[in-house]
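Architecture at a glance
The residues making up each chain are set out below.
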Amino acid sequence: MSPAASRSRPKRKAPPRKRSKPQPPIEYSLLLTATLCLLAIGVVMVFSASSTTSLLGDSGDASFYLKRTALFGVAGLVVMRILSIRGVRLMRALTPVVMGVSLFLLVVVMIPGVGVEVNGARRWIGAGMFQVQPSEVAKVALILYGAHLLATRPRMTRSIGEMGPFLMAVGVICLLVVLEPDLGTAMVACFAAAAMLVAAGARLRDLGLIAAALGVVVLLAVLIEPYRMERLTGFISPGTDPSGSGFQAIQAKIALGSGGIFGVGLGESLQKAFYLPEAHTDMIAAVIGEELGLMGITMIAVLFGLFGYAGLRTAQRARDRYTKLLAAGLTSLILVQAVINLFAVLGLAPLTGVPLPFVSYGNSSMLTMLAAVGLLLNIARSPGATLRVVDGGRSSRTHAKGRDSRGGNSRARRAGARGRRRSAG
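Notes on the structure in this doc start here. In this text, all values refer to a predicted model and were calculated from it rather than measured experimentally. (Residues numbered from 1 in each chain as written. Predicted model: local features only at pLDDT ≥ 70, side-chain atom pairs only at ≥ 80, totals over all residues. Heavy atoms only, no water.)

What about the overall build of the protein?
What counts is decided by this rule: Working definition: helices are DSSP H or I runs of at least four residues, strands are E runs of at least two. Numbering for both runs from the N terminus. Relative accessibility decides the category of a residue: with a 1.4 Å probe and only protein chains considered, values under 20% of the type maximum give buried, values over 50% give exposed, and everything between is partly exposed. Residues are treated as being in contact if the distance between any of their heavy atoms lies within 4.5 Å. Computed with the Shrake-Rupley method and a 1.4 Å probe, the accessible areas treat only the protein chains shown as cover for residues.
The helix and strand tally for the protein stands at 13 helices and 3 strands. Residues counted as buried form 43% of the 425 residues belonging to the protein. A fraction of 71% describes how many contacts in the protein between residues 6 or more apart in sequence connect residues 24 or more apart. For the protein, the accessible surface area stands at approximately 22,100 Å², while carbon and sulfur atoms represent 65% of it.

Written out as structure tokens, the structure is:
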């Protein structure tokens, strides 16, 4: 074959390269991993903590609470997946509706015959396994409303007077929740709202005044209700009434002490069998401490720490003010609830009845917490929420440097050409 013929043969085009799917940022992976690990631990521990009492109780089914936890866990994961795609835009548009429905349910639940009363508290609506706890929905609704309000009116944090609309919304929701009565959930909502104000740039002086007023209100709420006063007395001195107000705190300490460092073994707890009240809900951390020991409690704390780190980094890297405040509020909501529960089990705070997120049994809590995680995942996937160590950040800086170098080379070539023309002239 002649050289001319070989030169005239057309060159084959290389097949186009398939674009690789962009990897999610590290915050997304940490949030998802921590949530799934806590869910897995929760399913196992709910079965372990409730199997004995369920088998000997009215249901006669050792896996009674396990089935419900698995069902609502799957439903929550579906909600989380949906909201992780376009949840922020959807929920921002639906914020007035969610807020209105929450307030309506908080009022309706207190009507006799409508709200389901358990242990002297009327906190649920519905029947059987399909019961809704309006206070759980109201917490997330308050965060959505606060993020929208503080994002659209950034000057609101300049003084307490300008914070009035947001503080009024917090006060109304917390008052309705306290009337159920449920002081623990109201405290979680207040702390999460305070974290949002910090993220929005409120002054420490104003926050201190708000905290002082809140402390007075909480003290009055404790003094006017005898059962809250008993809980406070049981926290300060549980030994004075070991069979009454201090019973739950003492049994939790016995469970934690029996576990030691590595625990007595999964399913081998003795305290869960009628000694530890609400072992599968509020006190599930005590069962974890007895069966898995200090290592189990440490594992739970580390997972919540990873979740908090990733959530706050997501808030820091979010692309706009609304998503920053929403991520900070939702992360604070979950972390505050976890801290209050763990502190109560460890004897560092009074008992409040707040469940441990993702781990304790609770249908409404499971769904709302996973919905909150879905919104956090949606924010974490946005372009403005990636860490600098992600490959996309390095490649963007590399591209920028390439553009600068190409621009510099072209300017140098133009300057050289002008110099040659002048020398030729």
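Focus on the pairing of strand 1 (residues 115-118)
What counts is decided by this rule: By definition, two strands form a pair when at least two bridges between them are found by DSSP.
Where strand 1 lies against strand 2 (residues 121-127), 4 bridges are found, and the strand directions are antiparallel. Bridged to Glu-117 within strand 2 is Arg-122. Following strand 1, the chain reverses through 2 residues before pairing antiparallel with strand 2; Asn-119 in that reversal takes a positive phi of roughly 55 degrees.

Some words on helix 7 (residues 204-224)
What counts is decided by this rule: Working rule for helices: expected span equals 1.5 Å times residues minus one. Within this analysis, the arc is defined by the directions that extend from the helix axis to the C-beta atoms.
Taking 1.5 Å of rise per residue, the 21 residues of helix 7 would be expected to cover 30 Å, and the 30 Å separating its terminal C-alpha atoms lies within 8% of that figure. Residues Asp-206, Leu-207, Ala-221 and Val-222 constitute the buried set of helix 7. The buried side chains of helix 7 occupy one side of the element, clustering within an arc of 135 degrees when seen end-on. For helix 7, the exposed residues lying more than 90 degrees away from the buried face are Arg-205 and Ile-224. In the core, the buried residues of helix 7 are packed alongside helix 6 (183-200) and helix 8 (226-236).

Some thoughts on the sheet that holds strand 3 (residues 130-132)
The strands making up a sheet associate through backbone hydrogen bonding, with each pair oriented either parallel or antiparallel. The condition is simple: Between the N-to-C directions of two axes lies an angle of 0 to 180 degrees, each axis being a line fitted to C-alpha atoms and, for a helix, fitted only over the stretch in contact.
Reading across the sheet, the 3 strands line up as 1-2-3 and stay open at both edges, with antiparallel pairing between neighbours. Each edge of the open sheet is held by one strand with a lone partner, namely strand 1 and strand 3. Taken over all neighbouring pairs, the strand axes of this sheet differ in orientation by 45 degrees on average, direction set aside.

Side note on the nonpolar core
Cut-off, in case you're wondering: The definition of a nonpolar core used throughout is a set of buried Ala, Val, Leu, Ile, Met, Phe, Trp, Tyr and Cys residues joined through side-chain atoms within 4.5 Å.
Ranked by size, the top nonpolar core spans 94 residues in total, and within it Leu-326 and Phe-358 carry the most contacts. Per element, the largest residue contribution to this core is 14 residues, and it comes from helix 11 (residues 321-345). Ignoring any residue separated from it by four or fewer positions in sequence, one finds Leu-326 in contact with Val-88, Ile-143, Leu-144, Ala-147 and Ile-379.

Things to note about unusual backbone geometry
A cis amide bond, omega 5 degrees, links Glu-180 with the succeeding residue Pro-181. Along the chain, Pro-181 falls in the loop between helix 5 (164-178) and helix 6. A positive phi angle, close to 50 degrees, is found at Glu-278, a residue other than glycine. On the secondary structure map, Glu-278 appears in the loop between helix 9 (247-259) and helix 10 (284-317). Residue class for Glu-278 comes out partly exposed when judged on its relative accessible area of 35%. Of note, Phe-358 is a non-glycine position whose phi angle comes to about 70 degrees, a positive value. Mapped onto the elements of the fold, Phe-358 is located in the loop between helix 11 and helix 12 (363-380).

A look at the packing of helix 2 (residues 26-56) against helix 10
Let me state the cut-off plainly: Any angle between 65 and 115 degrees counts as roughly perpendicular, while under 35 counts as roughly parallel, over 145 as roughly antiparallel, and the rest as oblique. Rotating anticlockwise by less than a right angle from the far helix to the near helix defines a left-handed crossing, while the corresponding clockwise rotation defines a right-handed one. In this classification, Asp, Glu, Lys and Arg are treated as charged, Ala, Val, Leu, Ile, Met, Phe, Trp, Tyr, Cys and Pro as nonpolar, and every other residue, Gly included, as polar.
Between helix 2 and helix 10, the shortest axis-to-axis distance is 9 Å and the interhelical angle comes to 155 degrees. What the angle tells us is that helix 2 and helix 10 run roughly antiparallel. Of the two elements, helix 2 crosses helix 10, and the hand of that crossing is left-handed. Looking at side-chain class alone, the contact of helix 2 with helix 10 contains 20 nonpolar, 4 polar and 4 charged residues.

From the geometry alone we can't say anything about function, so treat these as descriptive.
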